[in-house]
Amino acid sequence: MTTNATIDSKLVRAIADEQLANNVFMIEWLVKAQQQLSLQQRLIDQQQQQISTQQQEIEKLKEERDKLKNRNSKNSSVPPSSDQLKKPSDKKKRKKGFKRGPKYDHPEKTRNGFGQPDKIVPLELENCPVCGGSVERDEVVPEKVQQVAEVVDQPIEIREYRRGFYKCPSCGWSDYSPVPLGVKEGFSYGARLSSIVGWLGYGGNLTWRKQEHFIEYVFGIPISQGSLAKMHKWFQESLEPLTQQWLKYIQQPGIRCVDETSYCIDGIKYWVWVATSNEVCVLMLAPTRSSAEVEKLLGADFKGILTSDCYSAYFRQSAMAKQKCLGLMMHKD
């Protein structure tokens, strides 16, 4: 009896020890599982924080992108030359089936005539265009008049000036007779033609080669690019007195808005300086971006109000008062 009781006691103790070991193992497994879950939760929280931060940065970058995309000379300090040409969108006019371009059979709006004609060409008719018989003009019905602007066969006139050599017995002066206005000594092209070439380059934005082709094929006269360069120089010199007049005006007291932008000519970097008022806008091409160019533009002793961005070249310029560009400050903020 005692032996059986001892065996039963050992069996119960062994079962209890095994159950305890199983419980300890389960507890350790639960603790490790809880630690892993806590670690995963921390990683998830960190990832969500990173996602939230990245989302905020993305939204901020989108706002900056939109600002840069919509930036122009009116809402920032960028020069007007960098503005992109955008056609105004008018959705009301963009109807379905609406075709752009000139409309045919629309009421005429072009002015009728050009004033006094250079040449009057009467168009007489002797025979009927249908049967070939003789026709008579009806004097009661008023004639129909139509003016037409057309290019003549030879738009360029070649003039040959013959100048004699003269002497003055009174003072001893001697020289050839002077050339007329619009003719340059030793140059084969006149002032009007040089003005057209100047417009082709600066107004029409044609390259040197296209200017050369235009003069040769439209006007029918030979020309070299060296002569084109001399014509452009003459064109520039003829505008110099007027440029000095407006430069003198811009240096008078008043509100002046100034700015500068880079301009490349034949691979060399120059700077275009601009000063504006309510009446005029003066542009000046200069080799540098220094304060000395500002002084050339506005003068050494400017008595007006100077409006500019925060570029340091404007700090040394004298002025009665200075106003910084608010658009630039708003853009930086």
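Computed from a prediction, not measured in an experiment: that's the story for all the values here.

1. Focus on the overall build of the protein chain
Looking only at helices and strands, the protein chain features six helices and seven strands. In the protein chain, the order of α-helices and β-strands from amino to carboxyl end is α-β-β-α-α-α-β-β-β-α-β-β-α. Out of the 333 residues in the protein chain, the part that is buried amounts to 17%. Of the contacts made within the protein chain by residues no fewer than 6 positions apart, 38% connect residues no fewer than 24 positions apart. Accessible area for the protein chain stands at about 28,300 Å²; split by element, carbon and sulfur atoms hold 55% of it.

2. Description of a nonpolar patch on the surface
Where nonpolar side chains cluster on the molecular surface, the patch consists of Phe25, Met26, Trp29 and Leu30 and spans about 460 Å² of accessible area. Position of Leu30 among the secondary structure elements: in helix 1 (residues 2–69).

3. Focus: the sheet that holds strand 7 (residues 321–324)
Taken together, the five strands give an open sheet; going across it, the order is 5-4-3-6-7, and neighbouring strands pair in mixed fashion. Only two strands of the sheet have a single neighbouring strand rather than two, namely strand 5 (281–286) and strand 7. Across this sheet, the average inter-strand angle for adjacent strands is 25°, counted without regard to direction. Strand direction decides the pairing type here: strand 3 (residues 255–265) and strand 4 (residues 268–276), joined by nine bridges, are antiparallel. Paired with Ile265 across the two strands is Ile268, which belongs to strand 4. Contacting strand 3, strand 4, strand 5 and strand 6 (305–308), helix 5 (residues 291–298) crosses the sheet at an angle of about 40° to strand 4.

4. So, the side chain of Ser194
Among the secondary structure elements, Ser194 is positioned in helix 2 (residues 191–202). Sequence-distant contacts of Ser194, defined by excluding residues within four places in its chain, comprise Phe187, Tyr189, Met231, Trp234 and Phe235.

5. Considerations on the packing of aromatic side chains
Enumeration over the complete set of coordinates arrives at eight aromatic pairs. Plain terms: the ring middles of Phe165 and Tyr176 are 5.1 Å apart, the flat faces sit at 80° to each other, and that makes the pair edge-to-face. You can see Phe165 sitting in strand 1 (residues 165–167) and its partner Tyr176 sitting in strand 2 (residues 174–176), a full 11 residues away along the chain. The exposure class of Tyr176 is partly exposed, given its relative accessible area of 45%. Ring centres of Tyr202 and Phe235 lie 5.9 Å apart, and the angle between their planes is 15°; this geometry places the pair in the stacked category. A residue pair is termed long-range when its members are at least 10 positions apart, and Tyr202 in helix 2 and Phe235 in helix 4 (residues 225–250) qualify at 33 residues. Among the aromatic residues, those joined into a cluster by ring pairs are Phe187, Tyr189 and Trp234. It is Arg289 that lies over the ring of Tyr311; its NZ or CZ is 4.0 Å from the centre.

6. Examining the pairing of strand 4
Connecting strand 3 to the next strand, strand 4, in antiparallel fashion are two residues, including Asp266 with a positive phi near 55°. Adjacent in sequence and paired antiparallel, strand 4 and strand 5 are bridged by four residues.

7. Digging into the confidence of the model for the protein chain
Confidence along the protein chain averages 83 in pLDDT terms, with 83% of residues attaining 70 or more. Here residues 328–333 is a poorly scored stretch, pLDDT under 50, and it has six contacts once near neighbours within four places are set aside; other chains count.

8. A few points about the nonpolar core
Counting 17 residues, the largest nonpolar core has Trp273, Leu297 and Leu298 as the members making the most contacts within it. At the level of elements, helix 4, strand 4, strand 5 and helix 5 are the ones that each hand at least two residues to this core. Leave out the neighbours within four places in its chain, and Leu297 touches Leu247, Ile250, Gln251, Trp273, Val274, Ala275, Val282 and Met284. Grouped together as the second largest cluster of nonpolar side chains are 13 residues, Leu200, Ile215, Phe219 and Leu228 included.

9. Looking at the packing of helix 2 against helix 4
Across the interface, helix 2 lies against helix 4 with an axial gap of 8 Å and an inter-helix angle of 95°. Put simply, helix 2 runs roughly perpendicular to helix 4. Seen from helix 2, the contacting residues are Ala191, Leu193, Ser194, Ser195, Val197, Gly198, Trp199, Gly201 and Tyr202; seen from helix 4, they are Leu228, Met231, His232, Trp234 and Phe235. Counted by class, the contact of helix 2 with helix 4 contains nine nonpolar, five polar and no charged residues.

10. Looking at the packing of helix 2 against helix 3 (residues 208–218)
Relative to each other, helix 2 and helix 3 sit at 140°, their axes nearing to 10 Å. Between helix 2 and helix 3, the crossing angle belongs to the class labelled oblique. Relative to helix 3, helix 2 is oriented so that their crossing is right-handed. Packed against helix 2, whose contacting residues are Leu193, Val197, Leu200 and Gly201, the element helix 3 presents Gln211, Phe214 and Ile215 at the interface. A breakdown of the residues in the contact of helix 2 with helix 3 according to their chemical character gives five nonpolar, two polar and no charged.

Conventions and cut-offs
Residues numbered from 1 in each chain as written. Predicted model: local features only at pLDDT ≥ 70, side-chain atom pairs only at ≥ 80, totals over all residues. Heavy atoms only, no water. Helix = DSSP H or I, 4+ residues; strand = E, 2+ residues; numbered from the N terminus. Buried < 20%, exposed > 50% of the residue type's maximum accessible area, 1.4 Å probe, protein only. Contact = heavy atoms within 4.5 Å. Areas by Shrake-Rupley, 256 points an atom, 1.4 Å probe, with all protein chains shown as cover. Patch = residues over 30% accessible without salt bridge, like charges linked within 9 Å, V, L, I, M, F, W, Y side chains within 5 Å. Salt bridge = Lys/Arg side-chain N within 4 Å of Asp/Glu carboxyl O. Pairing = 2+ DSSP bridges. Axes fitted to C-alpha atoms, helices over the stretch in contact; angles between N-to-C directions. Phe/Tyr/Trp six-rings, centres within 6.5 Å; stacked < 30°, edge-to-face > 60°. Lys NZ or Arg CZ within 6 Å of the ring centre and 35° of its normal. pLDDT = per-residue confidence, 0-100. Core = buried A, V, L, I, M, F, W, Y, C linked by side-chain atoms within 4.5 Å. Parallel < 35°, antiparallel > 145°, perpendicular 65-115°, else oblique. Nonpolar A, V, L, I, M, F, W, Y, C, P; charged D, E, K, R; others polar. Left-handed = near helix turned anticlockwise from the far one by under 90°.

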